[in-house]
Amino acid sequence: MAKQKIVLAYSGGLDTSIIIPWLKENYDCEVIAVAGDVGQGKELEPLQEKAIKTGASKIYIEDLKEEFITDFIYPTVKANAVYENKYLLGTSFARPIIAKRLVEIAKKEGATAICHGCTGKGNDQVRFELTVKALAPELKIIAPWRIWNIKAREEEIDYALARGIDVPVTKEDNYSKDKNLWHLSHEGMDLEDPWNEPNYDKILELMVSPEKAPDKPTYVEIEFEKGIPVSVDGEKLSPVDLISKLNKLAGENGVGIADMVENRLVGMKSRGVYETPGGTLLYAAHRELELLCIDRDTLHYKDLVSQKFAELVYYGQWFTPLREALSAFVDKTQETCTGTVRMKLYKGNCMPAGSKSPYSLYDSEVATFEADEVYNQKDSEGFINLFGLPIKVRAQMLKKNGMQ
């Protein structure tokens, strides 16, 4: 009988480097490695040789960058979804697109299971597995961290060295990182103590610290069509080139560091440092356009939707009816979010410096402090009387009953 096939979500990092031999030792199976290219860059270069050398029968390295941006990043930006007001969801929305491709390849190869290297303490296990359940509920899921005897990253390194497997970390430099086109995250080691200030000179890769940014501000103009960025400084760019350009501009100016203690879905708090230069700039610019083009009631309700949208993304619930329904609402709000926003970048700060749109709801004749012919200030008296009537009636009741 042919051996069963197991598709492994493969990054070439410490966890998945040892999972290939571990699967073969414990399941007597054929391992098919799948690496989703969402912008890891040079990290992907050695994977072809490394996966085969460590025992995989084949490896797929799938270019998912543009789909990642258009189908996952842009919908989240349009929603203004930010988890706990700080985290721009860089790892969160990269997992469902990778898991989606894992499912597609598993079906193509006739695999019976999908394996991932996520720990039992993290959020990523949920994100991978919920996507598999949504798209291929018949597939089994193998999560070594929940069943093997290895308890720490140091033990993983020992396991790898015993089998002659090269790993990209050492016991002295053992940060847990996740990199894609949108961000780079850092966890572990000295960051596990929230009192420790991060050593930015040591850990930053996508950007410089604000202290090392230029003393002269940089201005950048971003044009949007229906909430989607289409050009930078007047130059039309593909989604990948656009995000790369914004990363460079913001990163050079020290924009995009988020140091936070967050609430993981599994119940614990964790500390991470996130580099999201282009994303921070894009979110800020998009918000300025919304303030110009969306009416008050819709904008305020959308803010409620934004928080729920962020939770769904963070919790791995991308492929759910609720996320799809919220995206439909968001898309409706973006129909008039077309225009250009100018932002000023200076030593870690990202400030608005102008916005314009053919759909602007800002009317200078109405808003002016000078004389005008369109606004009757006397109208406000009746408005305030009616708006404040419940407050007045209650105050009268309290006075009548000696309660005020």
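As the structure is a prediction and not an experimental result, all values here were calculated from the model.

J.: Whenever I open this one, the overall build of the protein confuses me. Can you help?
T.: Check the secondary structure of the protein and you find 14 helices and 14 strands. Taken along its principal axes, the extent of the C-alpha atoms in the protein is 85 × 55 × 45 Å. Split into buried and exposed, the 404 residues of the protein put 48% on the buried side. The long-range share in the protein, meaning contacts at least 24 apart out of those at least 6 apart in sequence, stands at 72%. Accessible surface, the protein: about 20,600 Å² in total, of which carbon and sulfur atoms supply 52%. Taking the average place of the 51 positive charges on the side chains of the protein and the average place of its 62 negative ones, the gap between the two points comes to 4 Å.

J.: What should I look at first to understand the side chain of aspartate 124 in this one?
T.: By the secondary structure assignment, aspartate 124 is in helix H5 (residues 124-135). Look at aspartate 124 and you get buried, because its relative accessible area is 16%. Only 2.7 Å separates the side chain of aspartate 124 from the side chain of arginine 127, close enough to count as a polar contact.

J.: Before we go on, may I ask you to explain the packing of aromatic side chains in this structure?
T.: Each aromatic ring pair is summarised here by two numbers: the centre-to-centre distance and the angle between the ring planes. Applying the stated criterion to the full structure yields 16 aromatic pairs. Here the aromatic rings of tryptophan 145 and tryptophan 148 are separated by 5.4 Å at their centres, their planes lie at 65 degrees, and the arrangement is edge-to-face. Given the relative accessible area of 16%, tryptophan 145 is considered buried. Residue tryptophan 148 is classed as buried on the basis of its relative accessible area, which comes to 4%. Measuring from ring centre to ring centre gives 6.1 Å for tyrosine 314 and tyrosine 315, while their planes differ by 70 degrees; the resulting arrangement is edge-to-face. On the basis of relative accessibility, which here comes to 0%, the residue tyrosine 314 falls in the buried class. Taken together through their ring pairs, the aromatic side chains of Tyr83, Tyr87, Tyr274, Tyr314 and Tyr315 make up a single cluster.

J.: How do you make sense of the layout of surface pockets when you look at a structure like this?
T.: Leftover empty space is mapped by rolling, across the atoms, a probe with the size of a water molecule. Considered as a void within the structure, the second largest pocket measures approximately 330 Å³ in volume. For the second largest pocket, the lining is made up of 14 residues, of which Asn80, Val82, Asn85, Ser306 and Gln307 are closest to its centre. Sorting the residues of the lining of the second largest pocket by element identifies helix H9 (277-293) and helix H10 (296-314) as the ones contributing at least two each. When residues in the lining of the second largest pocket are grouped by element, the largest group, 5 residues, is from H10. The class makeup of the residues in the lining of the second largest pocket is 6 nonpolar, 4 polar and 4 charged.

J.: Even after reading the chapter, I still don't get the pattern of salt bridges, so can you show me in this structure?
T.: Between side chains of opposite charge, a pair can form when the charged atoms approach closely. Taken as a whole, this structure holds 30 salt bridges when the rule is applied. For glutamate 109, the salt bridge goes to lysine 5, with nearest N and O atoms at 3.4 Å. Of the two residues, glutamate 109 is situated in helix H4 (residues 94-109) and lysine 5 in strand E1 (residues 5-9); the sequence distance between them amounts to 104 residues. Overall, the relative accessible area of 11% leaves glutamate 109 in the buried class.

J.: It is not clear to me how the pairing of strand E14 (residues 349-356) should be interpreted in this structure. Could you clarify?
T.: Inspection of the sheet shows strand E13 (residues 339-346) paired to E14 by 6 bridges, in the antiparallel sense. The residue of E14 that forms the bridge with threonine 340 is lysine 356. Where E13 folds back on E14, the antiparallel hairpin that results is connected by 2 residues, among which lysine 347 adopts a positive phi of roughly 45 degrees.

J.: Could you clarify how one ought to interpret the nonpolar core in this entry?
T.: Where a protein is soluble and globular, its nonpolar side chains tend to be buried together. Judged by nonpolar contacts, the single largest core of 74 residues is most densely connected at Phe68, Leu89, Trp182 and Leu282. It is H4 that contributes the most residues to this core, 8 residues altogether. If you look at the next biggest cluster of nonpolar residues, it comprises 26 residues, including Leu8, Cys29, Ala33 and Ala51.

J.: What is the right way to read the pairing of strand E2 (residues 30-37) from this model?
T.: Regular strands show a simple pattern: their side chains alternate between the two faces of the sheet. The buried count for E2 comes to 7 of 8 residues, which makes it a mostly enclosed element. With 5 bridges joining them, E1 and E2 adopt parallel strand pairing. Residue pairing across strands places isoleucine 6 opposite valine 31, the latter belonging to E2. In this fold, E1 hands off to helix H1 (residues 14-27), which returns the chain to E2; that crossover is right-handed. Sheet topology note: the E2/strand E3 (residues 58-63) ladder contains 6 bridges and is parallel.

J.: Sorry if this is basic, but what is going on with the side chain of lysine 302 here?
T.: Checked against the element boundaries, lysine 302 lands in helix H10. Residue class for lysine 302 comes out buried when judged on its relative accessible area of 1%.

J.: Where do I start with a nonpolar patch on the surface in this structure?
T.: The grouping of Val366, Val374 and Tyr375 at the surface amounts to a nonpolar patch, some 280 Å² of accessible area in total. Structurally, valine 366 can be placed in helix H12 (residues 364-367). Accessibility expressed as a relative area gives 41% for valine 366, which makes it partly exposed.

J.: Would you explain unusual backbone geometry in this entry?
T.: Trans is the prevailing form of peptide bonds, just as negative phi is the prevailing case for residues other than glycine. Positive phi, close to 45 degrees, is recorded for aspartate 28, a residue that is not glycine. With a phi close to 65 degrees, leucine 89 is a non-glycine residue in the positive phi region. Among the structural elements, leucine 89 can be located in the loop between helix H3 (65-78) and H4.

J.: I'm lost on the packing of H3 against H4 in this one. Help?
T.: Geometrically, a packed helix pair is captured by the angle between its two axes and the distance between the axes. Taken N-terminus to C-terminus, the directions of H3 and H4 make an angle of 120 degrees; their axes are 10 Å apart at the nearest point. Compared by their axis directions, H3 and H4 come out oblique. Relative to H4, H3 is oriented so that their crossing is right-handed. Residues Glu67, Phe68 and Phe72 of H3 form the contact with H4, whose own contacting residues are Ala94, Pro96, Ile97 and Lys100. In terms of residue class, the contact of H3 with H4 is made up of 5 nonpolar, no polar and 2 charged.

The rules we used
- Residues numbered from 1 in each chain as written.
- Predicted model: local features only at pLDDT ≥ 70, side-chain atom pairs only at ≥ 80, totals over all residues.
- Heavy atoms only, no water.
- Helix = DSSP H or I, 4+ residues; strand = E, 2+ residues; numbered from the N terminus.
- Buried < 20%, exposed > 50% of the residue type's maximum accessible area, 1.4 Å probe, protein only.
- Contact = heavy atoms within 4.5 Å.
- Areas by Shrake-Rupley, 256 points an atom, 1.4 Å probe, with all protein chains shown as cover.
- Lys, Arg positive; Asp, Glu negative; His and termini not counted.
- Charge placed at Lys NZ, Arg CZ, Asp CG, Glu CD.
- Polar contact = N/O pair within 3.5 Å; in protein donor to acceptor, adjacent residues only side chain to side chain.
- Phe/Tyr/Trp six-rings, centres within 6.5 Å; stacked < 30°, edge-to-face > 60°.
- 1 Å grid on protein atoms, 1.4 Å probe; cavity = no way out; pocket = protein on both sides within 12 Å on 5 of 7 lines; lining within 4 Å.
- Points joined across faces, edges and corners; volume = space filled by probe spheres on them.
- Nonpolar A, V, L, I, M, F, W, Y, C, P; charged D, E, K, R; others polar.
- Salt bridge = Lys/Arg side-chain N within 4 Å of Asp/Glu carboxyl O.
- Pairing = 2+ DSSP bridges.
- Core = buried A, V, L, I, M, F, W, Y, C linked by side-chain atoms within 4.5 Å.
- Right-handed = clockwise from strand over helix to strand, strands pointing away.
- Patch = residues over 30% accessible without salt bridge, like charges linked within 9 Å, V, L, I, M, F, W, Y side chains within 5 Å.
- Axes fitted to C-alpha atoms, helices over the stretch in contact; angles between N-to-C directions.
- Parallel < 35°, antiparallel > 145°, perpendicular 65-115°, else oblique.
- Left-handed = near helix turned anticlockwise from the far one by under 90°.

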